[in-house]
Amino acid sequence: MEKEREKDLLEFCQSLGIEMQNMALLDMALTHTSYAHEAKTNPKPEHNERIEFLGDSVLSVIVSTYMYKHFDKLAEGQLTKLRAHLVCEASLFEYAKKMNIGKYLLLGKGEEQCGGRERPSLLADAFESVLGAYYLDQGFAKAETYLLGMMQKEIDFICIHGICSDYKTRLQEYLQRDGDVSISYTLIGSSGPEHNKTFVTEVLLKGEAIGQGSGRTKKDSEQQAAKDALNRMHVPPCQK
């Protein structure tokens, strides 16, 4: 591994507050198939598809175990539905952005030019890959501690209050509780090919940006912007 790459991976670990003994695992977790296929070295670099498969299983076990132990009133069908929401692509994409995973990904030129560094599916997969690498290197207990450090509040909220998806209505209700105010949504950018675009939207209150979100459709990016605004104002995304 080149020294510059090792330096970047160490920086990534420090930003997350984790340690890795085998940096090659993390390097693989952050290597997209497009980069591996375009590499001229022989053998080609290992990409992250297999370790993503492992990370997906680790993620599911940790979230499922926590929900099972802490929410004994929820039936199997409820647990399944709530877990699916918690570990869906959109959710993992948000965690990946918070971890700044896109900065450290190795991508092929084509994928780079098509906005792969910001693509929800790619970043969600990379999140699972990094979790898989951390699990292999540090064991289940540390992987569990780290993951729940990020996800526990959201798991608790959703298991108690249920799934909230209409963030725009919730934001409007909250901001207009004392009377009408001007709320608007503005598309500020998009990336990726036509068949797989990512849209970025800002929500504005009286012309001032209060939240930003991204999604595969304009409507989804607006919902995510509203959710971001609610989070910034420390407002629960749904009412009891």
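As the structure is a computational prediction, the values presented were derived from the model and not from experiment.

S.K.: An account of the packing of aromatic side chains is requested, with residue identities and associated values reported.
M.R.: Counted according to the given criterion, the structure contains three aromatic pairs. Measuring from ring centre to ring centre gives 6.1 Å for Tyr134 and Tyr146, while their planes differ by 70°; the resulting arrangement is edge-to-face. One end of the pair, Tyr134, is in helix H8 (residues 120–138); the other, Tyr146, is in helix H9 (residues 140–161), with twelve residues separating them in the sequence. In this structure, Lys168 packs its charged tip against the face of Tyr185, placed 4.6 Å from the ring centre.

S.K.: Any chance you could break down the sheet that holds strand S3 (residues 208–215) for me, citing the residues and the numbers?
M.R.: Sheet strands pair via backbone hydrogen bonds, and the direction of the pair is either parallel or antiparallel. Read from one edge of the open sheet, three strands run S1-S2-S3, paired in antiparallel fashion. Each having just a single partner strand, strand S1 (183–191) and S3 make up the two edges of the open sheet. Each neighbouring strand pair of the sheet contributes to a mean axis angle of 25°, computed without reference to strand direction. The sheet contact formed by S1 and strand S2 (residues 198–205) spans eight bridges and is antiparallel. Opposite Gly189, over in S2, you have Val200 as the bridge partner. Its contacts with the sheet put helix H10 (residues 167–175) on S1, S2 and S3, and the angle it makes with S1 is roughly 145°. Here helix H11 (residues 218–232) sits on the sheet and contacts S1, S2 and S3; the angle it forms with S3, its principal contact strand, is near 130°.

S.K.: Can you explain the packing of H8 against H9? Please cite residues and give values.
M.R.: Between two packed helices, both the angle of their axes relative to each other and the distance between the axes serve to describe the pair. Between H8 and H9, the shortest axis-to-axis distance is 7 Å and the interhelical angle comes to 145°. Within the contact between the two elements, H8 uses Phe127, Leu131, Tyr134, Tyr135 and Gln138 and H9 uses Phe140, Lys142, Ala143, Tyr146, Leu147 and Met150.

S.K.: An account of the packing of helix H6 (residues 89–99) against H8 is needed here, citing residue identities and associated values.
M.R.: Closest axis-to-axis distance for the H6/H8 pair is 8 Å, and the angle between their directions is 70°. The angle between H6 and H8 places the two elements in the roughly perpendicular class. Judged by residue contacts, Glu89, Leu92, Phe93, Tyr95, Ala96, Lys97 and Met99 of H6 engage Pro120, Ser121, Leu123, Ala124, Phe127, Glu128 and Val130 from H8. Class assignment of the residues belonging to the contact of H6 with H8 gives a composition of ten nonpolar, one polar and three charged.

S.K.: Which residues make up H9, and what values go with them?
M.R.: Along H9, the sharpest kink reaches roughly 55°, centred on Met151. Here H9 has its buried residues at Ala143, Tyr146, Leu147, Leu148, Met151, Ile155, Asp156, Phe157, Ile158 and Cys159. Where H9 is buried, its residues contact helix H1 (3–16), helix H4 (49–70), helix H5 (76–86), H6 and H8. Where H9 ends, the next residue or the one after it, Gly162, has phi of about 90°, a positive value.

S.K.: Please set out the nonpolar core residue by residue, giving values where relevant.
M.R.: Proteins that are soluble and globular tend to have nonpolar side chains buried together. Phe12, Leu26, Leu30, Ile101, Phe127 and Ile155 are the most contacted members of the largest nonpolar core, which totals 50 residues. Counting residues per element, the ones that place at least two in this core are H1, helix H2 (23–29), H4, H5, H6, H8 and H9. Top element by residues in this core is H8. It accounts for nine residues. When residues no more than four places from it in sequence are discounted, the contact partners of Phe127 are Leu59, Leu92, Tyr95, Ala96, Met99, Ile101, Leu147 and Met150. Judged by nonpolar contacts, the second largest core, of twelve residues, contains Phe157, Ile210, Ala225 and Val235.

S.K.: Run through H8, naming residues and quoting values.
M.R.: Between its first and last C-alpha atoms H8 spans 27 Å; for 19 residues at 1.5 Å apiece the expected length is 27 Å, and the two agree. Among the 19 residues in H8, 16 count as buried, and that is most of the element. One or two residues past the end of H8 sits Gly139, with phi positive at roughly 95°.

S.K.: Explain the environment of Leu123 to me, and be specific about the residues and the numbers.
M.R.: By secondary structure assignment, the location of Leu123 is in helix H8. Residue class for Leu123 comes out buried when judged on its relative accessible area of 3%. Apart from the residues lying within four places of it in its own chain, the contact partners of Leu123 are Phe93, Ala96, Lys97, Ile101, Gly102, Leu105, Arg117 and Glu118.

Conventions used here
Residues numbered from 1 in each chain as written. Predicted model: local features only at pLDDT ≥ 70, side-chain atom pairs only at ≥ 80, totals over all residues. Heavy atoms only, no water. Phe/Tyr/Trp six-rings, centres within 6.5 Å; stacked < 30°, edge-to-face > 60°. Helix = DSSP H or I, 4+ residues; strand = E, 2+ residues; numbered from the N terminus. Lys NZ or Arg CZ within 6 Å of the ring centre and 35° of its normal. Pairing = 2+ DSSP bridges. Axes fitted to C-alpha atoms, helices over the stretch in contact; angles between N-to-C directions. Contact = heavy atoms within 4.5 Å. Parallel < 35°, antiparallel > 145°, perpendicular 65-115°, else oblique. Nonpolar A, V, L, I, M, F, W, Y, C, P; charged D, E, K, R; others polar. Bend = angle between axes of the 7 residues up to and from the residue. Buried < 20%, exposed > 50% of the residue type's maximum accessible area, 1.4 Å probe, protein only. Core = buried A, V, L, I, M, F, W, Y, C linked by side-chain atoms within 4.5 Å. Expected span 1.5 Å × (residues − 1).

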